[in-house]
Amino acid sequence: MASSSMLLSFLTFFSLLLSLFNSSQLEIEELSWLDDNNDEEINMVQSRHDSLRKCDFVSGKWVYDQTYPLYDASTCPYLSTKVTCQKNGRPDSDYEKWRWKPHGCNIPRFDALEFLGKMRRKRIMLVGDSIMRNQWESLVCLVESVVPTDRKTVTYAGPTMAFHALDFETSIEFCWAPLLVELKKGLGNKRILHLDLIEENAKYWRAADVLVFDSAHWWTHSDKRTSWDLLMDGNHVAQNMNRMVAYQRGLRTWAKWVDLNLDPRQSRVIFRTMSPRHNRDNGWKCYKQREPLGYASHPHVPEEVMVLKGVIKRMRFPVYLEDITGMSALRRDGHPSVYFAQSGGSDHGSADCSHWCLPGVPDIWNEMLNAML
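Every value quoted in this text rests on a predicted model; they were computed, and no experiment measured them.

Caption draft 1: Molecular detail of the state of the cysteines. Summed over the entire model, instances satisfying the criterion amount to 4 disulfides. What pairs with cysteine 55 in a disulfide is cysteine 105, and their sulfur atoms sit 1.9 Å apart. Disulfide cysteine 55-cysteine 105: torsion about the S-S bond near 60 degrees, hence right-handed. Pair noted here: cysteine 55 is in the loop between helix H2 (38-54) and strand S1 (60-64) and cysteine 105 is in the loop between strand S2 (98-102) and helix H3 (112-118), with a separation of 50 residues, a long-range link. No difference in accessibility class separates cysteine 55 from cysteine 105, as the two residues are buried. Along the protein, the cysteines engaged in disulfide bonds are linked according to the scheme 1-4, 2-5, 3-8, 6-7 when indexed in sequence order.

Caption draft 2: Molecular detail of the sheet that holds strand S5 (residues 160-165). Taken together, 7 strands build an open sheet; the order of strands is S4-S5-S6-S3-S9-S12-S13 and the sheet is mixed. Two strands in the sheet have a free side with no partner beyond their single neighbour: strand S4 (152-157) and strand S13 (319-322). The mean inter-strand angle of the sheet, taken between neighbouring strand axes irrespective of direction, is 20 degrees. Pairing geometry for strand S3 (residues 123-128) and strand S6 (residues 170-176), over 6 bridges, is parallel. Bridging across to S6, glycine 128 finds its partner in tryptophan 176. Packing against the sheet, helix H4 (residues 130-144) makes contact with S3, S4, S5, S6, strand S9 (210-213), strand S12 (268-272) and S13, and its axis sits at approximately 165 degrees to S6. Sheet strands in contact with helix H8 (residues 303-313) are S12 and S13, and its direction is about 160 degrees off that of S13.

Caption draft 3: Layout of the packing of H4 against helix H10 (residues 361-372). Put simply, H4 and H10 touch, their axes get as near as 9 Å, and they point 70 degrees apart. Judged by the angle between their axes, H4 and H10 are roughly perpendicular. Judged by residue contacts, Ile131, Asn134, Gln135, Ser138, Leu139 and Leu142 of H4 engage Pro362, Asp363, Trp365, Asn366 and Leu369 from H10. Taken together, the residues that form the contact of H4 with H10 break down as 6 nonpolar, 4 polar and 1 charged.

Caption draft 4: Representation of the environment of tyrosine 320 within the structure. Following the sequence through the fold, tyrosine 320 ends up in strand S13. Tyrosine 320 sits in the partly exposed class, given a relative accessible area of 39%.

Caption draft 5: Expanded view of the pattern of salt bridges. For the structure on display, the rule yields 17 salt bridges. Ionic pairing is found between glutamate 173 and arginine 123, a salt bridge with its closest N-O pair at 2.7 Å. In this pair, glutamate 173 sits in strand S6 while arginine 123 sits in strand S3, placing the two residues 50 residues apart along the sequence. Residue glutamate 173 is classed as buried on the basis of its relative accessible area of 7%. Overall, arginine 123 belongs to the partly exposed group, its relative accessible area being 24%. We note a salt bridge from aspartate 233 to arginine 249, for which the minimum N-O separation is 3.6 Å. With aspartate 233 in strand S10 (residues 230-233) and arginine 249 in helix H6 (residues 243-261), the pair connects residues that are 16 residues apart, well separated along the chain. Overall, arginine 249 belongs to the partly exposed group, its relative accessible area being 31%. Through salt bridges with shared partners, a single ionic network connects Arg90, Asp92 and Arg290.

Caption draft 6: Structural detail: the sheet that holds strand S7 (residues 182-185). The strand order across the open sheet built from 4 strands is S7-S8-S10-S11, with neighbouring strands paired in mixed fashion. Strands at the two margins of the open sheet, each flanked by one partner only, are S7 and strand S11 (236-238). Mean inter-strand twist for the sheet, computed between neighbouring axes without regard to direction, equals 25 degrees. Sheet topology note: the strand S8 (residues 191-194)/S10 ladder contains 3 bridges and is parallel. Bridge assignment links leucine 193 to a residue of S10, and that residue is leucine 231.

Caption draft 7: Geometry of the confidence of the model for the protein. Looking at the protein as a whole, the pLDDT averages 85, with 80% of positions reaching at least 70. Segment residues 10-51: pLDDT under 50, and 3 contacts once partners within four positions in sequence are set aside and those in other chains are kept.

Caption draft 8: Expanded view of unusual backbone geometry. A cis geometry characterises the amide bond from tyrosine 68 onward to proline 69, with omega recorded as 10 degrees. With respect to the helices, strands and loops of the structure, proline 69 is situated in the loop between S1 and S2. Here leucine 358 and proline 359 are connected by a cis peptide whose omega angle stands at -5 degrees. You can see proline 359 is positioned in the loop between helix H9 (325-329) and H10. Its identity is not glycine, yet asparagine 189 carries a phi of approximately 60 degrees, on the positive side. Examined against the element boundaries, asparagine 189 turns out to sit in the loop between S7 and S8.

Rules of the game
- Residues numbered from 1 in each chain as written.
- Predicted model: local features only at pLDDT ≥ 70, side-chain atom pairs only at ≥ 80, totals over all residues.
- Heavy atoms only, no water.
- Disulfide = S-S within 2.5 Å.
- Helix = DSSP H or I, 4+ residues; strand = E, 2+ residues; numbered from the N terminus.
- Buried < 20%, exposed > 50% of the residue type's maximum accessible area, 1.4 Å probe, protein only.
- Pairing = 2+ DSSP bridges.
- Axes fitted to C-alpha atoms, helices over the stretch in contact; angles between N-to-C directions.
- Contact = heavy atoms within 4.5 Å.
- Parallel < 35°, antiparallel > 145°, perpendicular 65-115°, else oblique.
- Nonpolar A, V, L, I, M, F, W, Y, C, P; charged D, E, K, R; others polar.
- Salt bridge = Lys/Arg side-chain N within 4 Å of Asp/Glu carboxyl O.
- pLDDT = per-residue confidence, 0-100.

Here it is as structure tokens:
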């Protein structure tokens, strides 16, 4: 009796073992497609992604590339007058043909259809000052040529403007907020910068899928062109404050808003570092410059960039840093210089060494931005 019971138990165990073996074989057969060419495609995609993640965009050099620029300024209707340097009389055009080449890797060439496909049914908003507007115009010109004329439009609402690619349900927007925090008029028409208030600006950003910020230049204007008369933080009012202390407090207000109001599963946030100015020596550092510097003999990290990195490091929300400062510092040749007037561009009383000619340097920033997305 006992032996019969043991035999029955052994047969049951053997049957169970056989069924498990068969099901394992079935699973192996069902997953055998991974051994086809598809795994090669997967590996290619993964290796491309990994190589981009390992790519240090910050370290590199400018190389002359005859296949640039990526669009024609004469056919893009969205460029503002001050950055169309060719129309304003600039005699050379080599500044349009330089491409940033990181050491050991390449930034993928901008593909307008690929970008719009990636941004389908999304809002991408660039927030900041006139140099961010410079970058917005670049990005719109990079994509607009693949969108039929009757399927694109630009709308304006408050401090924002938006380019709409209707078939993709994509909008590329710019929001004017050069200090990020709120600058208001007070008693006696005084300009009061509220270091702890941001919602009046931030209400325009809330629903964007991709947010790209910059803020530096308005914090560091010279005393003659200062952006405010008084600073206010809570109930504390100050006429003078160390610029970098004020900048840090303003950025902390921005960081707190991002941490509390955005969901990293729904929104991507990128902060672009400050665009360098070449306007020392009375603004003539960029005048008649025709090619980039080969390297920086004494690379300088502006204090604003160090403050920004410190604030981002303490955030809960994963903010990506787009560091364009060092690479752009080599491009003294890329500014409008005296070629910023509506025609002729021969006002030799001043030179714009802060903004950028388009096509030009901001196109490379947008190629980096596209790679980061």
